[in-house]
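Analysis of the macromolecular model
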Amino acid sequence: MRILVFGGSFNPPHLGHLAMADHARVQFGYDKVILVPSFRPPHKVLADDPGPEHRKAMLLKLCMQDRHFVTDDCEIARAGTSYTVDTIALIIEIYKPDGKPGFLLGDDLVPGFSSWKDPERIAEMAELIVAGREEQSPPDFLFPHRNADNERLPISSSMIRQRIRNGSAFRYLVPGPVFDYIVEKGLYGFR
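Scope of this entry: the structure provided in the associated data block. Predicted model, so just to flag it, every value in this text is computed and none were measured.

Notes on the pairing of strand 5 (residues 127-131)
The element strand 5 is extensively covered by neighbouring structure, given that 5 of its 5 residues are classed as buried. Residues of strand 5 alternate between two faces, with Glu127, Ile129 and Ala131 on one and Leu128 and Val130 on the opposite face, all of them buried. Relative to strand 5, strand 4 (residues 102-106) is paired through 5 bridges, and the arrangement is parallel. Within the sheet, the bridge partner assigned to Gly102 lies in strand 5 and is Glu127. Following the chain from strand 4 across helix 5 (residues 119-125) to the adjacent parallel strand 5, one finds a crossover that is right-handed.

See below:
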């Protein structure tokens, strides 16, 4: 089985995440997308974080709707700061994929990738797939990679959190099960 790994805070997961991952899955011939929610990402502070268990629960609910998506909570189980190099090694050990797994990252992460823990090792272990998120072209990426030709959806987790805080509509920016979970649990200040 060919797998594509897509990690992030997913705070909350939204249709932009899923569209980007599914596009890369189809374009590059992967069988499954493994969504890996971070426990604590090393490069950003999680604003309005309801906690890793809620973020994992939202991913599990949306994965029940599509057999091509699965959630792996290895970073949450490991706790501490989440490093991609450790996650990729563990995913290879657990899933034993056919060939290198893909690792999906948005082009907004390209400028900082060289500062990640052991980026050369990540590029050795996984096929880097860069998907468009930004309107302008990112700077040159010095690591071997493939570019996804995905549509850029103007949706972000921070925008959704802001809309929830303001009492604005957000129903059709997230998958149905994620919307239901946010409402049920009162996440992000939903009232």
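Further notes follow.
A word on helix 1 (residues 15-28)
Three- or four-residue spacings in an α-helix give side chains the same orientation, since the helix completes a turn every 3.6 residues. Between its first and last C-alpha, helix 1 extends 20 Å over 14 residues, near the 20 Å set by a 1.5 Å rise per residue. Residues Gly16, His17, Leu18, Met20, Ala21, Ala24, Arg25 and Phe28 constitute the buried set of helix 1. Taken from the residues just after helix 1, Gly29 is the one with a positive phi, measuring 75 degrees.

Focus on the pattern of salt bridges
A full pass over the atoms with the stated rule returns 13 salt bridges. A salt bridge links Lys56 to Glu53, with the nearest nitrogen and oxygen atoms 3.3 Å apart. One end of the pair is Lys56 and the other is Glu53, both in helix 2 (residues 52-63) and 3 residues apart, which spans about a single turn. According to the relative accessible area criterion, Lys56 is buried, its value standing at 16%. According to the relative accessible area criterion, Glu53 is partly exposed, its value standing at 46%. With its nearest N and O atoms 3.7 Å apart, the salt bridge here joins Lys117 to Asp86. With a gap of 31 residues between them, Lys117 in the loop between strand 4 and helix 5 and Asp86 in helix 4 (residues 84-95) connect regions that are remote in the sequence. Taking the relative accessible area as the measure of exposure, Lys117 reaches 42% and is therefore partly exposed. Through salt bridges that share partners, Arg2, Glu127 and Arg146 make up one connected network.

A look at helix 2
Its 12 residues place the ends of helix 2 16 Å apart at the C-alpha level, agreeing with the 16 Å of an ideal helix rising 1.5 Å per residue. Within helix 2 the residues assigned to the buried category are Pro52, Arg55, Lys56, Ala57, Met58, Leu59, Leu62 and Cys63.

Details of the packing of aromatic side chains
The geometry of two aromatic rings is summed up by the distance between their centres and the angle between their planes. All chains considered together, the criterion is met by 8 aromatic pairs. Measuring from ring centre to ring centre gives 5.4 Å for Phe6 and Phe10, while their planes differ by 90 degrees; the resulting arrangement is edge-to-face. For the ring pair Phe113 and Phe143, a centre distance of 5.0 Å and an interplane angle of 80 degrees mean the geometry is edge-to-face. Of this pair, Phe113 sits in the loop between strand 4 and helix 5 while Phe143 sits in the loop between strand 5 and strand 6 (145-147), placing them 30 residues apart in sequence. On the accessibility criterion, Phe113 (0% relative accessible area) is buried. Joined through ring pairs, the aromatic side chains of Phe103, Phe113, Trp116, Phe141 and Phe143 make up one cluster. In this arrangement the basic side chain of Arg2 is found over the ring face of Tyr30, its NZ or CZ atom lying 4.4 Å from the centre. Positioned over the ring face of Tyr83 is Lys117, at 4.8 Å from the centre of the ring.

What to know about the nonpolar core
In this structure, Phe6, Leu35, Leu104, Ile129, Phe170 and Ile182 are the most contacted members of the largest nonpolar core, which totals 33 residues. With residues up to four places along the chain from it excluded, the contact list for Leu104 reads Leu4, Val5, Phe6, Met20, Ala21, Ala24, Ile129 and Ala131. Membership of the second largest hydrophobic core comes to 21 residues, among which are Val110, Ala123, Leu128 and Val130.

What counts, and where the lines are drawn
- Position numbers for residues start from 1 in each chain and track the written sequence from start to end.
- Totals for whole chains, interfaces and linings use every residue, but because this is a predicted model, local features are given only for residues with pLDDT of at least 70 and side-chain atom pairs only at 80 or more, for both listing and counting.
- Excluding hydrogens and water, the side-chain values take into account all heavy atoms of the structure.
- For every residue, the accessible area (1.4 Å probe, protein chains only) is compared with the maximum for its type, and the residue is labelled buried under 20%, exposed over 50%, or partly exposed between those bounds.
- For the purposes of this entry, the term helix denotes a DSSP run of H or I that reaches at least four residues, the term strand denotes a run of E that reaches at least two, and both are numbered from the N terminus.
- Paired strands, as defined in this entry, are two strands with at least two bridges between them according to DSSP.
- A clockwise path from the first strand over the helix to the second, with the strands pointing away from the viewer, defines a right-handed crossover.
- Any helix carries an expected span of 1.5 Å times its number of residues minus one.
- Basic side-chain nitrogens of Lys or Arg form a salt bridge, by our definition, when they fall within 4 Å of a carboxyl oxygen of Asp or Glu.
- Pairing of aromatic rings covers Phe, Tyr and the six-membered ring of Trp, with a centre-to-centre limit of 6.5 Å; geometry is then stacked below 30 degrees between planes, edge-to-face above 60, and tilted otherwise.
- Two conditions define a charge located above a ring, namely a distance within 6 Å from the ring centre to NZ of Lys or CZ of Arg, and an angle within 35 degrees of the ring normal.
- For our purposes a nonpolar core is just a set of buried Ala, Val, Leu, Ile, Met, Phe, Trp, Tyr and Cys residues, chained together by side-chain atoms within 4.5 Å.
- It only takes one pair of heavy atoms within 4.5 Å for two residues to be counted as in contact.

Function cannot be inferred from these measures alone, as they are strictly geometric.
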